[in-house]
Amino acid sequence: MDATSTPHPAPQKNLVLVGHGMVGQRFLEALAEHGLTRTHHVVVLCEEPRPAYDRVQLTSYFSGTTPDELSVTEAGFMERHGIELCLGDPAEHIDRAARTVTARSGHVFGYDTLVLATGSVPFVPPVPGKDADGCFVYRTIEDVLAIEAYAKAGATTGAVVGGGLLGLEAAGALQGLGLATHIVEFAPRLMPAQVDDGGGAALLRTLTGRGLAVHTGTGTQEIVTDEAGAVRAMRLSDGSELDVGLVVFSAGVRPRDQLARDCGLAVGERGGVTVDERCRTSDPHVYAIGECAQAVDGRVYGLVAPGYEMAQTAAAALASEAAENSEGTDASFTGADMSTKLKLLGVDVASFGDAHGAADGCLDVAYADSRAGTYKKLVVGTDGTLLGGVLVGDTEAYGTLRALTGSVPPVPAEQLVLPAGAGAAPALGPEALPDDAVVCNCHNVTKAAVQACATLPEVKKCTKAGTGCGSCVKLIGQLLPQSGDQGLCGCFAQTRQELYEIVRTLRVTSFRDLLDRHGRESARGGEGCETCKPAVASVIASLAPAIGADGYVLDGEQAALQDTNDHFLANLQKNGSYSVVPRIPGGEITPDKLIVIGEVAREFGLYTKITGGQRIDLFGARVEQLPVIWARLVDAGFESGHAYGKALRTVKSCVGQTWCRYGVQDSVRMAIDLELRYRGLRAPHKLKSAVSGCARECAEARSKDFGVIATASGWNLYVGGNGGATPRHADLLAQDLDDAGLVRLIDRFLMFYIRTADRLERTSAWLERIDGGLDHVRDVVVDDSLGICAELEALMADHVTHYRDEWAETLADPDRLARFVSFVNAPEAPDPLVAFVPERDQIKPDLPLLTLRPLEGSSAR
Amino acid sequence: MTTMTETAPATTATAADASVQLRLDGSWLTVCAAARLTPGRGVAVLLPDGRRQAALFLDRAGRLYAIDNRDPFSGAAVLSRGLVGSADGRPFVASPLLKQRFDLETGRCLDDDEAGVGVYEARVCA
Ligand code: SRM
Ligand SMILES: Cc1cc2nc3c(=O)[nH]c(=O)nc-3n(C[C@H](O)[C@H](O)[C@H](O)COP(=O)(O)OP(=O)(O)OC[C@H]3O[C@@H](n4cnc5c(N)ncnc54)[C@H](O)[C@@H]3O)c2cc1C
Ligand code: SF4
Ligand code: FES
């Protein structure tokens, strides 16, 4: 470990790495793993202004991932290994005789070993106008920032040249920026390299359905510019012209081998520095890895997994060289699998192995359902060996199929592509995979290695599997010991969603019934626990009108299920006192009501604070004071603010069109309408919302579970936002809705969330978790793909008609009020442990008490 | 030690005229009518010294339990407001503040070997 213990400290050698992309960084990590960063002084020349980042996830920038979050360079990595990283300083010249590299800054670095990892550059076809303002490529974070800035400055229509994998990603990005988007592809189908005609047709149908204009079999002839030299239109080879304000070229990539050419290294016919199976170029002191290299099999790999393998191979070769047994390395790179699984514009596409059926005598097995937009093809050898395949629209089986490639599957190929329920054999489980099947392609991890771990985090830590493109994560999950079950808790083997369905379809209105009939054997007849009781209470409450239960949370058995906050309709504070939060819809309040709040606070000596949710919190009420305080508030027209419930909290608003010079809609009115509509709605977790009167977004709607932003012609609805510990910007669900359309869509969205989310799962986490993500939710709630929208709307209508203010109801019922006593044997006596001391003219808890020490793993309520 | 009332079924505990008693220093203190208790929830009892408090619970089988009301983790007297549950057939209450669970029969904290609360004997008296 420590350098001082090395017996003969060898003189440090110099290693220069040119290019700090994904493969370059992986190479540095492999160097460090082999201990070579101790024996070598490593210099990295990096052309881009930032250290290596996840290029594969580039497009996620448009869904809110920041450039920093894209980084793949662990903080402190360079320092820890003594690596010198030169940002923004590309290599310009290599002198192989002198073994030096000259950087743009003029610095000259001597090397014993030089490694080229310069990646590729996007190919821009030589059409007139290609350099006009508004023409871009799609490769770096800087490209993405420039595209975004240009689009925001006024472009409304964009075109992508190239309908391959990257072209479709770029098109998705343009669409996400709000541009009407065209794709122009020279080949007769989309993704010509990955899928066949059938797959291309399925893709085309789905993408057209998503509002993209696709032009296949057409070339780009010219980019037409205006007087200022900016893109105005695009002329196609069929003579037609498209009005576009922005063009992204995505017509393939070329290996960046210019440096190598200039210094006389051998390069392949179609580009790429030629290397041997240990990634060495024609000069034994120079290696080349990643997309800039042409492997021994004569191919240039444009994917990250083969690049990683090359990085590891080169590092291993250097290590054995350093150990002076130049024959001693097994590591070699002789070619790789080109499997890919992508989600392009919401469509799942996968291809693996010999997807085009190039092998002699191989056979195809295909299944197509054009209505559903799915297409699946397997390529099978004459002896039944699975050679490869293409999946479009439904890639469920990808992980298993890819891992089975090269072997004879245990069931006939036809059964592997037929959809479940169409006479197919039960889906082939991952158990069927051989131990040495590669489960994670990016990191070349086998089933056996994955199964040596117990949990996904452990797998990621120990094997790196799942930390690349992520497409194997699902399969990994299936291979891990199913931690017993996915059950809600020790009492129920079902998930919250399953319990919801049981309660809804069997109209179960009692926790006891549910536990005794549907709980785990060992838990039946028991008490339940602190996890399932509130969760079931919430399910019953959100379904109350539909299943004929009493929605009032303090009645009968429901009372025993609620967390203490719901039980006392107030939030418990650290010293045992409570807070009181009246609803102030949209944050709008009259002076008279403000005065009532002030008077109540003064009279009961409560600490008053404006909350982060645009309302007022009154702290320090003792349990027996709650009814008296609320009697005053209800009398003045206030209602419960449900600050205690897993329910709608606030709908914040900005002042909007009525006063603000920028406002384009009445955001306050809409916020109030929404807050009144959804007040009291019980959900798996709390729900927050906001409405902004224009795109300046003063109400911070995009940090909310459902956020509404006004447009000139209506409202945009964003969903799945979150503040808190893991902030997430909400995603656009639908645009330019009218009032009724907005409310209808929110009704559906909320009810779908309530139906399918896990316990204590905010909409943001739910959206990230559910299969198909935002696109699936859009399919269900906008396009009604499951045919349940009418039912979701009816459930919400029930909620709205049955809403009652919990505090008004409580005050009207002496039985219920009986709960609000300090002691069952001394109802009026204040708890002697609840005491206060003054601070800044108000009170604060007097805590000779202990300091709170959170229970590990407990979640705040 | 908490004991149940001769394994009283729920009907006994809720009989209209029955009352609940706690054993303190060798004698029984009547605290409330049995009908005041909701199965699965607790109530707080102020002890005669005007400071100490007990948390009294009824489970769904009608059994009574009483433990000290003070949550040792926060110092606040709130255990009576926690949720009652059972694990491996043993009843517990989860503190409403930070959710530590206490065995209702022994007072032992299930989430921290070093913590626990006192227990009282309780019974229903017709
Ligand atoms: C009072 C208030 C802070 C303030 O002084 O301003 C507050 C206070 C509490 N917040 Fe909050 N949050 C308050 C605004 C917020 C906001 C801001 C907002 O809503 O715009 C956020 C970030 C937005 C968000 O939720 O996405 C916020 C994120 C949280 C979280 C983290 C949620 C998450 O998904 O990560 C928790 C913990 C939880 O819910 O599990 C939490 C939990 C709590 C609890 C309930 C913790 C607890 O159990 O004691 C606090 C209860 C206060 C009480 O007793 O009344 N509070 N909390 C704010 C009440 C707003 C209101 O009028 O209802
Ligand atoms: C939008 C997008 C999506 C993709 N999706 C996938 C996917 O789903 N799956 C997949 O497997 N692959 C995908 N790829 C391809 C993948 O990103 C590449 O295969 C991978 O990044 C190659 O790594 P690399 O290190 O060889 O090259 P790069 O990541 O391109 O890094 C090369 C670096 O070298 C720098 N450089 C070049 N010349 C010099 C010089 N003279 N001096 C100093 N620095 C220099 C460049 O600026 C660059 O930073 C995607 C690519 C893009 C752009
Ligand atoms: S979001 Fe727009 S309308 Fe609302 S206050 Fe801000 S600038 Fe004004
Ligand atoms: S296959 Fe890409 S992360 Fe595993």
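Counting from 1, residues in each chain are numbered in the order their sequence is written. Labels follow written order: the first chain is A, the first ligand is 1, and so on. In keeping with the predicted nature of the model, local features appear solely for residues at pLDDT of at least 70, side-chain atom pairs appear and are counted solely at 80 or more, and the whole-chain, interface and lining totals rest on all residues. Values reported for side chains reflect all heavy atoms of the structure, with hydrogen atoms and water molecules removed beforehand.

### Observations regarding the overall build of chain B
When helices and strands are tallied, chain B shows one helix and ten strands. In DSSP terms, a helix is any run of H or I states spanning at least four residues, a strand is any run of E spanning at least two, and both are numbered starting from the N terminus. Along the chain direction, N to C, the helices and strands of chain B fall in the order α-β-β-β-β-β-β-β-β-β-β. By residue count, 58% of the 126 residues in chain B fall in the buried class. Contact between two residues is taken to exist if any of their heavy atoms lie within 4.5 Å; hydrogens are not considered. Across chain B, contacts joining residues at least 24 apart in sequence account for 44% of those joining residues at least 6 apart. Each accessible area value is a Shrake-Rupley result obtained with a 1.4 Å probe; residue values ignore everything except the protein chains displayed when judging cover. Accessible area for chain B stands at about 5000 Å²; split by element, carbon and sulfur atoms hold 49% of it. Exposure is judged per residue with a 1.4 Å probe applied to protein chains only, and the accessible area is read against the type maximum: over 50% gives exposed, under 20% gives buried, and values in between give partly exposed.

### Details of the overall build of chain A
The helix and strand tally for chain A stands at 28 helices and 38 strands. Scored against the burial criterion, the 861 residues of chain A give a buried share of 52%. Sequence separation of at least 24 residues holds for 62% of the intrachain contacts in chain A that already meet a minimum separation of 6. In the form shown here, chain A has an accessible surface area of approximately 36400 Å², with 51% of it arising from carbon and sulfur atoms.

### Points about the pairing of strand β4 (residues 53-58) of chain B
All names here are of chain B. With six of six residues buried, β4 lies mostly within the body of the structure. Of the two faces of β4, the one lined by Q53, A55 and F57 and the one lined by A54, L56 and L58 are each fully buried. Note that strand β3 (residues 42-46) and β4 share five bridges and pair antiparallel. Each residue of the ladder has a partner; that of G42, found in β4, is F57. A pair of strands is treated as paired once DSSP finds two or more bridges between them.

### Some remarks on the interface of chain A and chain B
Many analyses report the size of an interface as the accessible area lost when the parts associate. Between chain A and chain B, the contact holds 47 residues from the first and 40 residues from the second. A 1.4 Å probe defines the accessible area here, and the buried area is the portion of it lost by two parts on being joined, summed over both. Carbon and sulfur atoms make up 56% of the area that chain A and chain B hide from each other, which totals about 3700 Å². By convention in these notes, a salt bridge is any Lys or Arg side-chain nitrogen within 4 Å of a carboxyl oxygen on Asp or Glu. The interface formed by chain A and chain B includes two salt bridges. The partner of R60 of chain B in a salt bridge is D516 of chain A, and the shortest N-O contact between them spans 2.5 Å. In protein, a polar contact means a hydrogen-donor-capable atom and an acceptor-capable atom, both N or O and within 3.5 Å, with residues adjacent in sequence counting only if both atoms are side-chain atoms; elsewhere, any N or O pair within 3.5 Å suffices. Joining chain A to chain B, the criterion identifies 14 residue pairs in polar contact (both at pLDDT 80 or more). Elements supplying a minimum of two residues to the side of chain A that touches chain B: α16 (511-518), α17 (532-547), α18 (556-561) and α19 (564-568) of chain A.

### So, the sheet that holds strand β10 (residues 122-125) of chain B
All names here are of chain B. Pairing is antiparallel across the open sheet formed by three strands, whose spatial order is β2-β1-β10. In this open sheet, the two edge strands, each paired with only one partner strand, are β2 (27-33) and β10. The mean inter-strand angle of the sheet, taken between neighbouring strand axes irrespective of direction, is 35 degrees. Bridging between strand β1 (residues 19-24) and β10 involves four bridges; their strand directions are antiparallel. Axis angles are defined between N-to-C directions and span 0 to 180 degrees, where every axis is a line fitted to C-alpha atoms and, for a helix, only to the segment in contact.

### A short note on helix α5 (residues 141-152) of chain A
Along an α-helix, residues three or four positions apart point the same way, because every turn accommodates 3.6 residues. Residue and element names in this part refer to chain A. Taking 1.5 Å per residue, twelve residues should reach 16 Å; α5 reaches 17 Å between its end C-alpha atoms and fits that length. When α5 is considered as a whole, its buried residues turn out to be I141, D143, V144, I147, E148 and A151. Down the axis of α5, the smallest arc covering the buried residues is 160 degrees, so these residues share one side. Of the surrounding secondary structure, the elements contacted by the buried residues of α5 are α3 (67-70), β9 (135-137), α6 (165-176) and β16 (246-249). The positive-phi residue at the C-terminal boundary of α5 is G154, with phi of around 135 degrees. Between the first and last residue of a helix there are one fewer steps than residues, each counted as 1.5 Å, and that sum is the expected span. Our arc is simply the arc of the directions from the helix axis toward the C-beta atoms.

### Here's the deal with the nonpolar core
Remark: nonpolar core denotes a set of buried residues (Ala, Val, Leu, Ile, Met, Phe, Trp, Tyr, Cys) joined through side-chain atoms within 4.5 Å. Of all hydrophobic cores here, the largest spans 68 residues; its most connected members are F492 and L717 of chain A. Formed by 51 residues, the second largest nonpolar core is a distinct cluster that contains A30, V101, L265 and V273 of chain A.

### Here we look at the site of ligand 3
Whether a residue is near a molecule or strand is decided by its heavy atoms; if any one of them lies within 4 Å of it, the residue is near. The environment of ligand 3 is made up of C654, V655, G656, C660, Y662, G663, G693, C694, R696, E697 and C698 of chain A. Here the term charged refers only to Asp, Glu, Lys and Arg, the term nonpolar to Ala, Val, Leu, Ile, Met, Phe, Trp, Tyr, Cys and Pro, and the term polar to all other amino acids, Gly among them. Its residues assigned to classes, the shell around ligand 3 shows six nonpolar, three polar and two charged.

### Quick look at the sheet that holds β4 of chain B
If you trace the four strands from one edge of the open sheet to the other, you get β3-β4-β5-β9 (chain B), paired in antiparallel fashion. The open sheet has two edge strands with one neighbour each: β3 and β9 (119-120) of chain B.

### Brief notes about the packing of aromatic side chains
All names here are of chain A. Any pair of Phe, Tyr and Trp rings, taking the six-membered ring for Trp, is counted once the centres come within 6.5 Å. Such a pair is stacked with planes under 30 degrees apart, edge-to-face with planes over 60 apart, and tilted for the rest. By the definition in use, this model includes 15 aromatic pairs over all chains. Aromatic pair Y61 and F62: ring centres 5.4 Å apart, planes at 80 degrees, arrangement edge-to-face. With relative accessibility at 17%, the residue Y61 sits in the buried group. Residue classification places F62 among the partly exposed positions, given a relative accessible area of 22%. Measuring from ring centre to ring centre gives 5.8 Å for Y301 and F333, while their planes differ by 90 degrees; the resulting arrangement is edge-to-face. Taken together, the residues Y301 in the loop between β20 (293-294) and α9 (304-322) and F333 in the loop between α9 and β21 (340-344) connect sequence positions 32 residues apart.

### Side note on the site of ligand 1
All names here are of chain A. Ligand 1 sits among 22 residues. The nearest are Q573, T611, G612, K686 and G723. A distance of 2.9 Å separates an oxygen atom of ligand 1 from a polar atom in the side chain of S579. Between K704 and ligand 1, the recorded distance is 2.7 Å, taken from a side-chain N or O atom to an oxygen atom. Residues belonging to the shell around ligand 1 are distributed by class as follows: two nonpolar, eleven polar and nine charged.

### A word on unusual backbone geometry
All names here are of chain A. Phi is positive for C279, which is not a glycine, with a value near 70 degrees. Judged by relative accessible area, which is 0%, C279 ranks as buried. The residue K464 is not glycine, and still its phi comes out positive at about 70 degrees. Tracing the backbone shows K464 in the loop between α13 (456-463) and α14 (473-479). Note on K464: relative accessible area 29%, which makes it partly exposed.

### A closer look at the side chain of T113 of chain A
Residue and element names in this part refer to chain A. Along the chain, T113 turns up in strand β7 (residues 113-116). When its relative accessible area of 6% is taken as the criterion, T113 is described as buried. With residues near it in sequence (within four places) discarded, T113 still touches N14, L15, V16, H285, Y287 and L318.

### A closer look at the packing of α17 of chain A against helix α26 (residues 789-802) of chain A
All names here are of chain A. The geometry of α17 relative to α26 is characterised by a closest axis approach of 9 Å and an angle of 95 degrees between their N-to-C directions. Between α17 and α26, the angle falls in the class roughly perpendicular. Across from L543, P545 and A546 in α17, the residues of α26 making contact are L795, D798, H799 and H802. A per-class count over the contact of α17 with α26 returns four nonpolar, two polar and one charged. For classification purposes, an angle smaller than 35 degrees is called roughly parallel, one larger than 145 roughly antiparallel, one from 65 to 115 roughly perpendicular, and anything else oblique.

### Here's the deal with the packing of helix α15 (residues 496-506) of chain A against helix α23 (residues 739-756) of chain A
Residues and elements named next belong to chain A. Closest axis-to-axis distance for the α15/α23 pair is 7 Å, and the angle between their directions is 105 degrees. The orientation of α15 relative to α23 falls into the category roughly perpendicular. For the pair formed by α15 and α23, the contact residues are R496, Q497, Y500, E501 and R504 on the first element and I754, R755 and T756 on the second. Of the residues in the contact of α15 with α23, the class split is two nonpolar, two polar and four charged.

### What about the pairing of strand β1 (residues 13-18) of chain A?
Residue and element names in this part refer to chain A. Sheet topology note: the β1/strand β2 (residues 40-46) ladder contains six bridges and is parallel. Note on β2: the bridge partner recorded for L15 is V42. In the sheet, β1 pairs with β7 via four bridges, with the strands oriented parallel. From the neighbouring strand, L15 faces β7, where its bridge partner is T113.

### So, the environment of L767 of chain A
Residue and element names in this part refer to chain A. Summarising the element assignment, L767 is placed in helix α24 (residues 763-769). Distance in space between the C-alpha atoms of L767 and Y753 is 8.8 Å, their sequence separation being 14 residues. With sequence-adjacent residues up to four places away left out, L767 is seen in contact with V719, G720, R728, D731, G773, L774 and V777.

### A closer look at the pattern of salt bridges
Evaluated as defined, the whole model comprises 52 salt bridges over all chains. Ionic pairing is found between R504 of chain A and E501 of chain A, a salt bridge with its closest N-O pair at 2.8 Å. Of the two residues, R504 of chain A and E501 of chain A both sit in helix α15, three residues apart, roughly one turn of that helix. Classification of R504 of chain A by relative accessible area gives partly exposed; the value is 22%. Ionic pairing is found between D59 of chain B and R63 of chain B, a salt bridge with its closest N-O pair at 3.2 Å. Judged by its relative accessible area of 4%, D59 of chain B is buried. Taken together, the shared-partner salt bridges in this structure form one network comprising E501, R504, R755 and E791 of chain A.

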